[in-house]
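# Structural features, examined
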Amino acid sequence: MGTPVTWLHEHVAGLRRGAEGWEEFVVAPDPDVPVGRIAMTRATDAGEIALDLDREARTLVLTVPGGTRATVVLPQEPGTAAPQELGPGEHLLRW
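Source: prediction; values computed, not measured.

Of regular secondary structure, the protein chain possesses one helix and eight strands. In the protein chain, the succession of helices and strands from N to C terminus is α-β-β-β-β-β-β-β-β. Taken over the C-alpha trace, the protein chain has a radius of gyration of 12 Å; the compact-globule value for 95 residues is 12 Å, and the two agree within 12%. Overall size of the protein chain, expressed as C-alpha extent along the three principal axes, is 35 × 30 × 20 Å. Taken over 95 residues, the protein chain has a buried fraction of 37%. Considering only intrachain contacts with a sequence separation of at least 6, the fraction spanning at least 24 residues in the protein chain is 39%. Carbon and sulfur atoms form 50% of the exposed surface of the protein chain, whose accessible area is close to 5600 Å².

This brings us to the nonpolar core. Grouped together as the largest cluster of nonpolar side chains are 21 residues, with contacts concentrated most on L15, F25, V27, L51, L60, L62 and V72. Put simply, the parts of the chain that give this core at least two residues each are β2 (21–27), β3 (37–44), β4 (47–54), β5 (59–64) and β6 (69–72). Apart from residues lying up to four places away in sequence, F25 is in contact with L15, R16, R17, G18, I49, L62, V64, P65, T68, R69, A70 and T71.

Within the protein chain, residue pLDDT values average 90, and 93% of them lie at 70 or more. Within the protein chain, helix α1 (residues 3–12) has the poorest average pLDDT of any element, 85, and β5 the best, 97.

Rules of the game
- Residues numbered from 1 in each chain as written.
- Predicted model: local features only at pLDDT ≥ 70, side-chain atom pairs only at ≥ 80, totals over all residues.
- Heavy atoms only, no water.
- Helix = DSSP H or I, 4+ residues; strand = E, 2+ residues; numbered from the N terminus.
- Rg over C-alpha atoms; globule rule 2.2 N^0.38 Å.
- Buried < 20%, exposed > 50% of the residue type's maximum accessible area, 1.4 Å probe, protein only.
- Contact = heavy atoms within 4.5 Å.
- Areas by Shrake-Rupley, 256 points an atom, 1.4 Å probe, with all protein chains shown as cover.
- Core = buried A, V, L, I, M, F, W, Y, C linked by side-chain atoms within 4.5 Å.
- pLDDT = per-residue confidence, 0-100.

Structural data, given as structure tokens:
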């Protein structure tokens, strides 16, 4: 992947792999990025990660593949974001 794609994944969508690869991953969108919505998928050995982040509606739909887990940190007021641990399945989060 090139630098623009990496920036989209890591800052706009906030998707980053964990220390051991994609068995655990983080979704922490950068609150200072002025992009209203992004939907993307990422193929992994465990299956497909899918996310649809809508900053205007303040929602995240996240699909976590079987055998993996996600840590999600959603945009909040500065200093108030608390990580959420999510297991496999489809999740709808609001903030």
